[in-house]
Every structure is written in C-alpha cells, then in structure tokens.
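Structural overview for review
So you can see what is in the structure, the chains are spelled out below.
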Amino acid sequence: MAQQGRGRGCGCLLVVLALAAAAAFGVYFKLYRPKGPRLPSASGGELQVHVLDVGQGDAILIIAPDGKAALVDAGDAAHASVVRDALNRYGVQHLDYFVATHPHPDHIGGAADVLKTIKVLNVLDSGIPPPDFEESAATPAQNAKGKTKGQSAKPTPKPRASKAQLPTTKTYTEFRAAVQQSGAQLVHVAPGQHYDLSSNGDVRLTVLAPIPPPFTKDQMRAGGNEPNANSVVLQLDYGNFSLLLPGDAEAQTEQRLLSTNANITARILKVAHHGSKYATSDEFLRHVKPEAAIISVSEFNPYGQPAQSVLDRLKAAGIKLYRTDLQGEITLTSKGDDYEIKTMKETKGDLYTGRAGTKDDSARSGFIAYGDFGPPPRQPKKTSGQR
Ligand SMILES: [Zn+2]
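Residues numbered from 1 in each chain as written. Predicted model: local features only at pLDDT ≥ 70, side-chain atom pairs only at ≥ 80, totals over all residues.

Take the overall build of the chain next. Along the chain, the regular secondary structure elements total 10 helices and 16 strands. The buried share among the 387 residues of the chain stands at 47%. Considering only intrachain contacts with a sequence separation of at least 6, the fraction spanning at least 24 residues in the chain is 72%. (Helix = DSSP H or I, 4+ residues; strand = E, 2+ residues; numbered from the N terminus. Buried ≥ 20, exposed ≤ 12 C-beta atoms within 10 Å, placed from the backbone. Contact = placed C-beta atoms within 7 Å.)

The next point concerns the pairing of strand 5 (residues 119–125). Pairing analysis gives six bridges linking strand 4 (residues 94–100) to strand 5, with the strands arranged parallel. Bridge pairing links Leu95 to Val120 in strand 5. Two elements, strand 5 and strand 7 (residues 185–188), share four bridges in a ladder whose sense is parallel. Bridging across to strand 7, Asn122 finds its partner in Gln185. (Pairing = 2+ DSSP bridges.)

Let's shift gears to the sheet that holds strand 9 (residues 203–209). Spatially, 8-9-10-11-12-13-14 is the arrangement adopted by the seven strands of the open sheet, whose pairing is mixed. Each having just a single partner strand, strand 8 (194–196) and strand 14 (320–323) make up the two edges of the open sheet. Here the average twist between neighbouring strands, direction ignored, is 20°. As judged from the three bridges shared by strand 8 and strand 9, these two strands associate in the antiparallel manner. (Axes fitted to C-alpha atoms, helices over the stretch in contact; angles between N-to-C directions.)

Compared with an ideal rise of 1.5 Å per residue, which puts 16 residues at 22 Å, helix 5 (residues 167–182) spans 22 Å between its outermost C-alpha atoms and is within 8% of the ideal. With 13 of 16 residues buried, helix 5 is to be regarded as a mostly interior element. Directly beyond the C-terminal end of helix 5, a positive phi value near 85° is found at Gly183. (Expected span 1.5 Å × (residues − 1).)

So, about the environment of Val310. Position of Val310 relative to the elements: it lies in helix 9 (residues 308–316). When the C-alpha atoms of Val310 and Asp282 are compared, they prove to be 8.8 Å apart, with 28 residues separating the residues in sequence.

Once that is clear, we can look at the pairing of strand 15 (residues 330–334). Alternating residues of strand 15 divide into Ile330, Leu332 and Ser334, all buried, and Thr331 and Thr333, none buried. The pairing of strand 1 (residues 47–51) with strand 15 spans five bridges and is antiparallel. Bridge pairing in strand 15 places Leu47 opposite Ser334. Here strand 15 folds back onto strand 16 (residues 339–343) in antiparallel fashion, the turn holding four residues, of which Gly336 has a positive phi close to 95°.

What follows concerns unusual backbone geometry. Backbone torsion omega between Ala209 and Pro210 reads 10°, so that peptide bond is classified as cis. Mapping Pro210 onto the fold places it in the loop between strand 9 and helix 6 (226–229). Geometrically, the link from Gln305 to Pro306 is a cis peptide bond, its omega value of 0° lying close to zero. On the secondary structure map, Pro306 appears in the loop between strand 13 (292–295) and helix 9. The phi dihedral of Asp73 falls on the positive side, at around 70°, and the residue is not glycine. Relative to the helices and strands, Asp73 is located in the loop between strand 3 (69–72) and helix 2 (80–89). Exposure remark for Asp73: the 32 C-beta atoms within 10 Å place this residue in the buried category. Positive phi is not limited to glycine here, since Lys289 has a value of about 55°. Tracing the chain through its elements places Lys289 in the loop between helix 8 (282–288) and strand 13.

Core analysis: the biggest nonpolar cluster contains 90 residues, and Ile62, Ala70, Phe98, Ala111 and Leu234 have the highest contact counts within it. The contact partners of Phe98, leaving out residues within four places of it in the chain, are Leu71, Ala111, Val114, Val120 and Val123. (Core = buried A, V, L, I, M, F, W, Y, C linked by C-beta atoms within 7 Å.)

Another aspect to go through is the environment of Thr358. Structurally, Thr358 can be placed in the segment after strand 16. C-beta crowding within 10 Å serves as the criterion here: with 12 such atoms nearby, Thr358 is assigned to the exposed category. As for Thr358 and Pro302, which are separated by 56 residues in sequence, their C-alpha atoms are 5.1 Å apart.

Here it is in structure tokens:
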C-alpha cells in the first residue's frame, strides 16, 4: 500500500510537472513571436521611434541603437519638408529600409522626395498596386523573386500623364518611377519575413500582413477600401519593447491576423488608419493588449478621424493615448526594457475626444477616397481648433 501510495504520489508529481511544462510552453508562445528565432538580448543602446507630424498621413522614423534606420511611410507630398527636416535633425544619412504600407497619397506621396533626398537601400512594399494601375506605365516587370534591382543605367520610366488617373494611381506611378530611378532594391514582403535593424539582430521588423490572397473590392463592406485592407502590417521588436504598425489596415485585416497563429501582442500600437471607425476592433485590442496607442492624424481632416467609437474603445481598455494632431511629433525611446514617450507639444484638448467628418459616409457603398474632398487638407500654422 505504501508503495502504491508513493506510486500514486509520483504520478501526481509527473502530472504537475507536465502541466508546468505545458504552461511554460504556452507562456513562451504567448510572449515570443512564433515564427522565426527569438531575438538576442537587447544591447542596451537606445532605439528611437519618431511618429512625425505630417498632418493627415503617416511617416514613422525608426533609428536603431547602432544607427540603422527605417522610415515607414512618408506622409503626403505637401509634408515632404517635415520628413526631410526630421531626417536632418536626427542625423539620418541613409535609410536601410523605406516601407510603403500601401499606395495611398497620405502614405507614399512624400516617398519620391525621400528617395531623391537621401540614399535608400531597400524599399519594402506589398507588391499590390492600386486597382486601376497599369504595370507598363511605371516600371519594367519584376523578376520571379519579386525583386528588382533598380539601376540608374536603365531608362527611367515616365509616369503616365493621364488626366483620368486617380490620385492614388498617379502617386503610386510616381513612387514606382522614383524607386526605379533611385537604385533602391524593391522587395515585395510576405508574412513571417524579418528585417534586421541591427548587426546582432536584436532590433527587428517582422512582417505580419498582407496575408494572401489580397482582399478585393467586392470583399469590402460599406466604407471599406482594399488598398487599406492590404496594408503592410509590421511589428518592431527590441528586447521587451514592441510596437505594432498596421498602416491603414481594416477590421477585415485584423480578423485575418487573428485567424493566424502570429503573435500580435505589442506594448505600443500605432492605431490603424488614423483612428478610423473601420478598424481597431475590440477583439483586436484584446489580443494586441497595448499599454499605449498613437494616432497620426490631422486636426483638420474631413474624414471623421479619429472616430469617437475607436477612442471610446481605447479608453475603456485603459490604453494611454497620444495624438499627432494635438501633440505634434511623438517620440518613443527604449533601451530594450522599458520605454519613454515624449511629445513635441502639450495639449489642453481631451485626447479621447474624436472628430466629426464633414459628411456622413455610413450610407455610401464605398470608401471616402483621398481626394474626394479636393486637395489634401492643409496644415495650418496655429494649433488650436480642437474638438
Ligand atoms: Zn492613411
């Protein structure tokens, strides 16, 4: 009996050990990205992320401790000087990566200027052109690996001079020509890929989306837009610091991300699509679990961004909020453990109060396209006018 008792006790211990091992396994997969190797320990040098104040658009400058740099989007053409000034201010001599999350002018409108201003080694994009883009109008066909090594010796493609071109197609055509002319290597990204921003791999960009096949227009709900839904989604990791960069992803993109085993938890979230009501779902926030969120948006945008519903969700989840429309440029720094967030200016406005659109788009069957309201909104000199 005594032996039997010991035997049962031993069995229980084994069960306990097995459960502990399973729990540890689960924690491992919860805390670390399931695809690819774990990152080496952070070097302790300072990583900087500058969410630039480019009005209605995105431009996020990442400077790794050993000086490698990436720019995720470049704002619209009207704010090219803001990006140029930031590259200058932070002493960025060249960009290891320029990431075009998607072809809309508020993300790549300033890209041609960047490509002409400084050396860019690699341009990363989804490889998904705007719906009415004609390949022959921009660059020669790419090779099977999805890469093209732009050589300045090649003839420079001429952007198609067509009055019928939509603003997005025109901007994308100019962007592709500028990439070709710059000599940067164009790479079409895929989920699971990693791009190192340090020599020992402790600062890393991981591609989470677009997840094939690309969303098509008929898959979009009212107000949805497929270039947005097909945004490149990136995760920046450095030790215990993590930042999710979803471009202008839609709720459908979030659903697709949630259906994979990709780990999308991040301590900081750059809110998708300038705080649009068509993204940042409750379910997505529950999985990302951000401590802080940043919205890059103009105070005079006509699109109703950031949406009150999104701000309510962020507030209810206890997520600290930062906004470029109220606080200007927002800078994150981390030495791989904790992080600090600084803003260019203070605001007396309520960060959790959204903006109303100039027209209701809920009855429309389509997206309010960039340009539907005429020229891009101008950034005024004064900073009041919060609502
Ligand atoms: Zn946008």
